[in-house]
Amino acid sequence: MEISNNKIAIIGLGYVGLPLAVAFGSKYTTLGFDVNAFRVDELSKGIDRTLESDSDKIKAATYLTFSNSVKDLEACDIFIVTVPTPINQFKAPDLQPLLKASEMIGKVMKKGAIVIYESTVYPGCTEEDCVPILEKYSQKTFNTDFFCGYSPERINPGDKINTLTTIKKVTSGSTPEIATFVDELYGSIITAGTYKAPSIKVAEASKAIENAQRDINISFVNELALIFDRIGIDTNDVLEAAGTKWNFLKYKPGLVGGHCIGVDPYYLAHKAESLGYHPQVILSGRRVNDTMGMFIAGKVVKLMIQKGTNIKGAKALLLGVTFKENCPDIRNSKVVDIYNELVQFGLEVDVFDPHADSGQVKSEYNIDLTKTPSKYDAIILTVAHKEFINLDLELLKNGNHTIIFDSKAALDRNLVDARL
């Protein structure tokens, strides 16, 4: 099979799909597909509100077109699925976007089609959950009439150094021949090279444990922060001291949100539990990380009480709502946990974030972003946006009793009352 003889469809044009569409569209006939007509219209004009691809790069992808019409998918031979794989309110995998995309592809794919999944899933999901959907709606036989691959996304939103093409790509396929084809397909755009996994399940598992490992390491330092707070010592001072040893891992405490680290461990745990094993380490790490928003809110309220502030009706400002610095991505933001906890304490809470889209924040979390911060009894740095690092906090203080809490250890420590 010649790569250049195939038309590629990228299903889902978010933080993962768009950079992929631009990269493939610079070399091969590529269709960027998204069900969001407004998103497609913006991208057709070279506008990317995620800021992952600038206008010049999008327009330079001369073989790339955009569409939200399912009919346009009928001409495609290779389908790459990059839709979200979130969790529901019970912390269980929500496969609906993935299964809906598979159903849509099954209805339009031709004989010989290759469907490659990039969405993060648990090991076995592609072959056990997605393939039956493809077979059902296509009336075709897996590994005879169509084939599958899995190549986990490694996009780091907001990172302009470690981008799609500079991060090694894990690939896999449902047969040895397809595995080689998928590897060569990605190898043609990934300058950092590829790694061909021995099976789809191995590739799926590799992605799941990447983020679970990071989640567990962060949960360890978060638990240390909870302990050291009771001892009365600064966690970052301890980490600096311990970091003088060459093999100490320098993780920092903080909120663990986003589309990957705060979600993927639950996928791995779900698979383990379906096989009769209840994971101890993975879930204990998740429990610690999921409590950090409540801890920060509680700590701030205690400090306010110590300074004699009347909590009910006091005003608090959260600096940042995105899940990471200098990035507009608000998916699974744990800043919302701090917001909700402070509101329950009776505070009036403003959220200020020059990077976040106010409409998205309102739609997702029912929070109205403030455009003009005023005076506050408590100020919490929740996201280390560059705009906040040298912000004159004195202009936002409602007198000497105002508490400043630095959850990122990014501010001059002489200006803050406490930090995580």
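Look up: the structure comes first, before these words.
The paragraphs below set out a description of the structure included in this document. (Residues numbered from 1 in each chain as written. Predicted model: local features only at pLDDT ≥ 70, side-chain atom pairs only at ≥ 80, totals over all residues. Heavy atoms only, no water.)

Some details on the overall build of the chain
And then number 1: Along the backbone of the chain there are 14 helices and 13 strands.
And then number 2: For 420 residues, the compact-globule formula gives about 22 Å, and the C-alpha radius of gyration of the chain, at 23 Å, lands near that figure.
And then number 3: In terms of overall dimensions, the chain has C-alpha extents of about 70 × 50 × 40 Å along its principal axes.
And then number 4: For the chain, restricting intrachain contacts to residue pairs at least 6 apart in sequence, the fraction spanning at least 24 positions comes to 72%.
And then number 5: Accessible surface for the chain amounts to roughly 19,000 Å². Of this, 52% is attributable to carbon and sulfur atoms. (Helix = DSSP H or I, 4+ residues; strand = E, 2+ residues; numbered from the N terminus. Rg over C-alpha atoms; globule rule 2.2 N^0.38 Å. Contact = heavy atoms within 4.5 Å. Areas by Shrake-Rupley, 256 points an atom, 1.4 Å probe, with all protein chains shown as cover.)

Concerning the sheet that holds strand S5 (residues 113–117)
And then number 1: Spatially, the 6 strands line up as an open sheet ordered S3-S2-S1-S4-S5-S6, and their pairing is parallel. What marks the edges here is a single partner per strand, and that holds for strand S3 (64–67) and strand S6 (146–150). The average undirected angle you get between the axes of adjacent strands in this sheet is 20°.
And then number 2: Relative to strand S2 (residues 30–33), strand S1 (residues 8–11) runs parallel, the two being bridged by 4 bridges. (Pairing = 2+ DSSP bridges. Axes fitted to C-alpha atoms, helices over the stretch in contact; angles between N-to-C directions.)

Focus: the pattern of salt bridges
And then number 1: Under the definition given, this model contains 27 salt bridges.
And then number 2: Where aspartate 41 meets lysine 45, a salt bridge forms, and the shortest distance between an N and an O atom there is 3.2 Å.
And then number 3: Residue aspartate 41 is classed as partly exposed on the basis of its relative accessible area of 36%.
And then number 4: Its salt-bridge partner being lysine 169, residue glutamate 118 comes within 3.2 Å of it at the nearest N-O pair. (Salt bridge = Lys/Arg side-chain N within 4 Å of Asp/Glu carboxyl O. Buried < 20%, exposed > 50% of the residue type's maximum accessible area, 1.4 Å probe, protein only.)

Quick notes on the packing of aromatic side chains
And then number 1: Per the counting criterion, the structure on display carries 5 aromatic pairs.
And then number 2: By the ring-pair criterion, three or more aromatic residues cluster together here, those being Phe24, Tyr28 and Tyr186.
And then number 3: The positively charged end of lysine 169 is found above the aromatic ring belonging to tyrosine 186, 4.6 Å away from the centroid.
And then number 4: Lying over the aromatic face of tryptophan 246, lysine 245 brings its terminal NZ or CZ to 5.4 Å of the ring centre. (Phe/Tyr/Trp six-rings, centres within 6.5 Å; stacked < 30°, edge-to-face > 60°. Lys NZ or Arg CZ within 6 Å of the ring centre and 35° of its normal.)

Remarks on helix H13 (residues 358–365)
And then number 1: Regarding H13, its N-cap is aspartate 357, as a side-chain oxygen of that residue lies 3.0 Å from the backbone nitrogen of glycine 359 further along.
And then number 2: Once H13 ends, the next one or two residues include asparagine 366, with phi positive near 60°. (Polar contact = N/O pair within 3.5 Å; in protein donor to acceptor, adjacent residues only side chain to side chain.)

Here we look at a nonpolar patch on the surface
And then number 1: On the surface, Ile227, Ile231 and Ile233 cluster together into a nonpolar patch covering about 270 Å² of accessible area.
And then number 2: Along the chain, the position of isoleucine 233 falls in the loop between helix H7 (200–231) and helix H8 (235–242). (Patch = residues over 30% accessible without salt bridge, like charges linked within 9 Å, V, L, I, M, F, W, Y side chains within 5 Å.)

Side note on helix H11 (residues 292–306)
And then number 1: If you check H11, its first and last C-alpha atoms are 21 Å apart, about what 15 residues at 1.5 Å a residue would give, namely 21 Å.
And then number 2: Within H11 the residues assigned to the buried category are Met292, Gly293, Phe295, Ile296, Ala297, Gly298, Val300, Val301, Leu303 and Met304.
And then number 3: In the segment just after H11, glycine 308 is the residue with positive phi, at about 80°. (Expected span 1.5 Å × (residues − 1).)

Some remarks on the side chain of serine 407
And then number 1: By the secondary structure assignment, serine 407 is in the loop between strand S12 (403–406) and strand S13 (418–419).
And then number 2: Residue classification places serine 407 among the buried residues on the basis of a relative accessible area of 2%.
And then number 3: Among the polar contacts listed, one links the side chain of serine 407 to the backbone oxygen of leucine 381, at a separation of 2.5 Å.
And then number 4: Setting aside anything within four residues of it in sequence, one finds serine 407 in contact with Pro253, Ile296, Leu381, Thr382 and Leu420.

Quick notes on the packing of helix H9 (residues 264–274) against helix H10 (residues 281–290)
The packing of two helices is summarised by the inter-axis angle and the distance between the axes.
And then number 1: At a closest axis distance of 10 Å, the pairing of H9 and H10 adopts a crossing angle of 145°. Crossing hand, H9 versus H10: left-handed. Only Ile282, Leu283, Arg286 and Asp290 of H10 make contact with H9, whose side of the interface consists of Pro265, Tyr266, Leu268, Ala269 and Glu273.
And then number 2: In terms of residue class, the contact of H9 with H10 is made up of 6 nonpolar, no polar and 3 charged. (Left-handed = near helix turned anticlockwise from the far one by under 90°. Nonpolar A, V, L, I, M, F, W, Y, C, P; charged D, E, K, R; others polar.)

As for the state of the cysteines
Here, the word disulfide means a covalent bond between the sulfur atoms of two cysteines.
And then number 1: Taken as a whole and assessed by the stated rule, the structure comprises 0 disulfides.
And then number 2: No disulfide involves cysteine 327; its nearest neighbouring cysteine sulfur is the one of cysteine 260, lying 12 Å away.
And then number 3: Accessibility expressed as a relative area gives 0% for cysteine 327, which makes it buried. (Disulfide = S-S within 2.5 Å.)

Some thoughts on the pairing of S2
And then number 1: On S2, burial covers both faces: Thr30 and Gly32 on one face and Leu31 and Phe33 on the other are all buried.
And then number 2: With helix H1 (residues 17–25) bridging S1 and the parallel S2, this β-α-β connection has right-handed handedness.
And then number 3: Alignment of S2 against S3, held across 4 bridges, turns out to be parallel. When the bridges of S3 are listed, phenylalanine 33 appears paired with serine 67. (Right-handed = clockwise from strand over helix to strand, strands pointing away.)

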